[in-house]
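Okay, here's what each chain looks like letter by letter:
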Amino acid sequence: MATALQDRPRVSDAEWEARQQLAACYRVFDMLGWSEMIYNHITLKVPGEDSAFLINPFGLHFSEVCASNLVKIDIDGNKLDDNPYPVNLAGFTQHSVFHRHLPDAHCIAHTHTTAGMAVSALEGGLQPINFYACNFVGQIAYHDFEGVTVRAEEGERLIEHLGGKRVMFLKNHGILVMGRSVPETFMMHWALQRACEIQMATLSMGAPILVSDEVVAIHQRDISKVQLPGGPGAPDFAAMVRLLDRKDTSWRN
């Protein structure tokens, strides 16, 4: 069972709902094998507080994150609650610059999955060789590896390289995705992770078949026709939360 603070923090109902949704996202990521020891991060803006966001407590595994032990900080790194856990400097440095400069980046996820790191280290990055990769053609930014992200001045280059995109490969490092909601960010990461996994498998067998730019454009035009109501990723994320609840509900605490 996850380590949790004993009592629900004294927060608004909107913040508590956000905490539960983010905690569920951490647990779903872990359930899918996307955790990396006590590292990596998913952050979420606090509703109604533009300068505040929630981040995982440094020292806990994704499987231990719950609504009450998420840490609330501002974009300058100041704690906004009495949470006893520290915050990973690498997570704060990277995520705070995006939360500061991108009003639509409500939820941001960064992972070191094997497939994501492998493709980030491949010349040319993600290639248009499978269904999921075609979702992202023309929508991925790339940022050169500069070492562990703990220096604030790297933030300027991260923003510059991201441009108007909301998916980035940190070269030789991993995946970075950001969305307008937790479900949207989850679904973007899921599809990108699948694209990377399939690319790894395909390239291990030989030369891939490339999808033409014309077909990619048709695919991206038509993909919305197979989405359910509720917003991007909402039905998918809800299904994963139901699966999570059948295993463990402690994330809700």
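Higher on the page you've got the structure.
These notes cover the structure that comes with them. Please read all numbers here as calculations on a predicted model, not as lab measurements.

Conventions we followed
Residues numbered from 1 in each chain as written. Predicted model: local features only at pLDDT ≥ 70, side-chain atom pairs only at ≥ 80, totals over all residues. Heavy atoms only, no water. Helix = DSSP H or I, 4+ residues; strand = E, 2+ residues; numbered from the N terminus. Rg over C-alpha atoms; globule rule 2.2 N^0.38 Å. Contact = heavy atoms within 4.5 Å. Lys, Arg positive; Asp, Glu negative; His and termini not counted. Charge placed at Lys NZ, Arg CZ, Asp CG, Glu CD. Phe/Tyr/Trp six-rings, centres within 6.5 Å; stacked < 30°, edge-to-face > 60°. Buried < 20%, exposed > 50% of the residue type's maximum accessible area, 1.4 Å probe, protein only. Pairing = 2+ DSSP bridges. Right-handed = clockwise from strand over helix to strand, strands pointing away. Axes fitted to C-alpha atoms, helices over the stretch in contact; angles between N-to-C directions. Parallel < 35°, antiparallel > 145°, perpendicular 65-115°, else oblique. Left-handed = near helix turned anticlockwise from the far one by under 90°. Nonpolar A, V, L, I, M, F, W, Y, C, P; charged D, E, K, R; others polar. Patch = residues over 30% accessible without salt bridge, like charges linked within 9 Å, V, L, I, M, F, W, Y side chains within 5 Å. Areas by Shrake-Rupley, 256 points an atom, 1.4 Å probe, with all protein chains shown as cover. Salt bridge = Lys/Arg side-chain N within 4 Å of Asp/Glu carboxyl O. Core = buried A, V, L, I, M, F, W, Y, C linked by side-chain atoms within 4.5 Å.

Secondary structure summary: the protein chain contains eight helices and seven strands in total. By the compact-globule yardstick of 18 Å for 253 residues, the protein chain fits well, its C-alpha radius of gyration being 18 Å. With the C-alpha coordinates aligned to their principal axes, the bounding extent of the protein chain is approximately 55 × 40 × 30 Å. Of all intrachain contacts in the protein chain linking residues separated by at least 6 positions in sequence, the fraction that spans at least 24 positions is 68%. One way to put it: in the protein chain the 21 positive side-chain charges average out to a point 4 Å from where the 29 negative ones average out.

Okay, the packing of aromatic side chains next. One pair of aromatic rings is described through two measures. These are the centre distance and the angle between the planes. Per the counting criterion, the structure on display carries nine aromatic pairs. When the centroid spacing of 6.2 Å and the interplanar angle of 35 degrees are considered together, the rings of W34 and F186 count as tilted. With W34 in the loop between helix 1 (13-31) and strand 1 (41-46) and F186 in helix 6 (residues 182-203), this residue pair connects regions lying 152 residues apart in the sequence. Note on W34: relative accessible area 4%, which makes it buried. Residue classification places F186 among the buried positions, given a relative accessible area of 2%. Members of the aromatic cluster, connected to one another through ring pairs, are F29, W34, F186 and F237.

It is worth spelling out the pairing of strand 5 (residues 140-143) at this point. Along any regular strand the residues' side chains alternate between the sheet's two faces. Bridge count for strand 5 against strand 6 (residues 167-170) is four bridges, and the pairing is parallel. Directly across from A141, in strand 6, lies its bridge partner M168. In the classification by handedness, the crossover that spans strand 5, the intervening helix 5 (residues 154-162) and the parallel strand 6 is right-handed.

To continue, consider unusual backbone geometry. Backbone geometry at N40 places phi at a positive 70 degrees, although glycine is not the residue there. In this structure, N40 sits in the loop between helix 1 and strand 1. Given the relative accessible area of 3%, N40 is considered buried. In this model, N172 sits at a positive phi of 60 degrees, which is unusual for a non-glycine residue. Position of N172 among the secondary structure elements: in the loop between strand 6 and strand 7 (174-179).

A few words now on the packing of helix 2 (residues 89-101) against helix 5. Axis separation between helix 2 and helix 5 bottoms out at 10 Å; the angle between their running directions is 55 degrees. Accordingly, the angle class assigned to the pair helix 2 and helix 5 is oblique. As for how helix 2 packs across helix 5, the hand of that crossing is right-handed. Residues Q94, V97, F98 and H101 of helix 2 form the contact with helix 5, whose own contacting residues are G155, L158, I159 and L162. Across the contact of helix 2 with helix 5, the residue classes tally to five nonpolar, three polar and no charged.

Together, L89, V148 and V150 give the surface a local cluster of nonpolar side chains, amounting to about 250 Å² of exposed area. Here V150 lies in the loop between strand 5 and helix 5.

The subject of this paragraph is the pairing of strand 2 (residues 49-55). Sheet analysis places strand 1 next to strand 2, joined by three bridges and oriented antiparallel. For V46, the partnering residue across the bridge sits in strand 2 and is E49. What sits between strand 1 and strand 2 in their antiparallel hairpin is a turn of two residues, with G48 showing a positive phi close to 80 degrees. Bridge analysis of strand 2 against strand 3 (residues 71-74) gives four bridges, and the strand direction is antiparallel. Its bridge partner lying in strand 3, L54 is registered against K72.

The pairing of strands in a sheet happens through backbone hydrogen bonds and is either parallel or antiparallel. Read from one edge of the open sheet, seven strands run 3-2-1-4-7-6-5, paired in mixed fashion. The sheet is open, and its two edges are formed by strand 3 and strand 5, each paired on a single side. Pairwise comparison of adjacent strand axes, ignoring direction, gives a mean angle of 20 degrees for this sheet. Helix 1 contacts strand 1, strand 2, strand 3 and strand 4 (107-111) of the sheet and is inclined by roughly 165 degrees relative to strand 1.

Once that is clear, we can look at the nonpolar core. Side chains that are nonpolar tend, in soluble globular proteins, to be buried together. Judged by nonpolar contacts, the single largest core of 41 residues is most densely connected at F29, I42, L126, F169, L192 and F237. Broken down by element, the residue count for this core peaks at eight residues, all from helix 1. Excluding anything up to four places from it in sequence, L126 contacts V119, A133, F136, I140, Y142, F169, L192, A195, C196 and Q199. Within the second largest apolar cluster, 12 residues are counted, among which are L102, A105, L158 and L170.

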